[in-house]
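Report on the structure
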Amino acid sequence: FESAALSPDGEHLAWHYQGVLRVQRVANGGLAAQIPALGSVDVAAFLDADRLAFQLAGQLTVWSLSQQRAVLTIGLPARLSPATWAVSPGGRYLAVPTGAQVELYDLHDGRLAGRAELGDGGGIRRRCEGLAFSSDGKQLAALHLELARHGLVCWELADGSPRLDVKLPTSIHEPLYRGPA
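Everything numeric in this text was worked out from a predicted model, so none of it was measured. (Residues numbered from 1 in each chain as written. Predicted model: local features only at pLDDT ≥ 70, side-chain atom pairs only at ≥ 80, totals over all residues. Heavy atoms only, no water.)

**Structural notes on the sheet that holds strand β8 (residues 69–75)**
- Spatially, 4 strands are ordered β5-β6-β7-β8 in an open sheet, and the strand pairing comes out antiparallel. The sheet terminates laterally at β5 (43–46) and β8, the two strands that pair on one side only. The average angle at which neighbouring strand axes cross in this sheet is 20 degrees, direction not considered.
- In this sheet, strand β7 (residues 59–64) lies alongside strand β6 (residues 51–56) in antiparallel orientation, the contact comprising 6 bridges. The residue of β7 that forms the bridge with Leu52 is Trp63. (Pairing = 2+ DSSP bridges. Helix = DSSP H or I, 4+ residues; strand = E, 2+ residues; numbered from the N terminus. Axes fitted to C-alpha atoms, helices over the stretch in contact; angles between N-to-C directions.)

**Structural notes on the sheet that holds strand β10 (residues 93–98)**
- Spatial ordering of the open sheet is given by β9-β10-β11-β12, a layout of 4 strands whose pairing is antiparallel. Since the sheet does not close on itself, it has two edges, and those belong to β9 (86–87) and β12 (112–117), each with one partner.
- Examined bridge by bridge, β10 and strand β11 (residues 101–106) share 6 bridges and lie antiparallel to one another. Bridged to Pro97 within β11 is Val102.

As far as function goes, none of this settles anything; it's purely spatial.
Shown next as structure tokens:
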């Protein structure tokens, strides 16, 4: 395996091996799809029971099992680490770090749905290390690196307002967050 993913309903397993992304039915092992994917598939993730997203050659592709074809492609920033992008619960949005910003794409039509700033860190450029949506999909958090110290920024997605912007402790003995000062 180079990359693997299980559908949310547990019906399909997607895995990449030797230039082909295969989707198998878990119940009987039958092949549901065979997608040519020359090169390395960095991440494969099911958006829902029918749609599979995967990163290959600088783009994110959304494949429909029922239609047996790519239904959407989104160009990703050069040198994007696959560990840094995130998909919202329910598979509606894709969050991608782009320098000092995070872009949010609608995975139904591919349009840019929003953009959030990582902040300047007091004039020091921040680099996104990872993204995560809350379980209800109402907030988005970004782990960032500022010089040699990590921080966390969290936004409300309804209006894009920042909810939290903290530097993380350098010691495991420090509390993660003390609340408003």
